[in-house]
Amino acid sequence: DPRGLYTCKTDGKSSSIHVYYRMCQNCIEVDAPTISGIVVADVVATIFLAVAVYCITGHDKGRMSRGEGRAPLPARSWGR
C-alpha cells in the first residue's frame, strides 16, 4: 500500500509529502498479447461486416431505380 506520509531529510532540512493512492479492485492487466488480440478481433469483425454489407447490397444490381425507364417530364415555360 503506497499511501502515507513520506519524508525526505537532507542537510538538516526536512520535506514531506502525503500520498493518497486508490488501488483498483476490479482491474486487469493489459499486456501486448491482450492488445493484439483485441486489434485482430476488431479487424476480423470489420472485414466480416464489410463482406456482409457487400453481399446484401450486391444482389440489387439488375433492378432499375425508381426514376429509370420513365419518360422525362416536359419542360414548362413560365410567363409566356
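The name an unreviewed UniProt entry assigns to the chain is CD3D protein, from the organism Atlantisia rogersi.

**Some remarks on the overall build of the chain**
From N to C terminus, the chain includes one helix and two strands. Going from the N terminus to the C terminus, the chain shows its helices and strands as β-β-α. Buried positions account for 1% of the 80 residues belonging to the chain. For the chain, the computed accessible surface area is about 8400 Å², with 60% contributed by carbon and sulfur atoms.

**Some thoughts on the UniProt feature "transmembrane region" (unreviewed entry) in the chain**
The residues that UniProt annotates with the feature "transmembrane region" (unreviewed entry) are residues 35-56. End C-alpha to end C-alpha, residues 35-56 measures 32 Å, and it is 100% helix and 0% strand.

**Some words on a nonpolar patch on the surface**
Together, Ile 28, Val 30, Ile 35, Val 39, Val 43, Ile 47 and Val 51 give the surface a local cluster of nonpolar side chains, amounting to about 650 Å² of exposed area. Following the sequence through the fold, Ile 35 ends up in helix 1 (residues 32-58). Ile 35 gets classed as partly exposed once you look at its relative accessible area, which sits at 44%.

Calculation criteria
Residues numbered from 1 in each chain as written. Predicted model: local features only at pLDDT ≥ 70, side-chain atom pairs only at ≥ 80, totals over all residues. Heavy atoms only, no water. Helix = DSSP H or I, 4+ residues; strand = E, 2+ residues; numbered from the N terminus. Buried < 20%, exposed > 50% of the residue type's maximum accessible area, 1.4 Å probe, protein only. Areas by Shrake-Rupley, 256 points an atom, 1.4 Å probe, with all protein chains shown as cover. UniProt positions renumbered as here; feature names shortened; annotations may be inferred. Patch = residues over 30% accessible without salt bridge, like charges linked within 9 Å, V, L, I, M, F, W, Y side chains within 5 Å. Salt bridge = Lys/Arg side-chain N within 4 Å of Asp/Glu carboxyl O.

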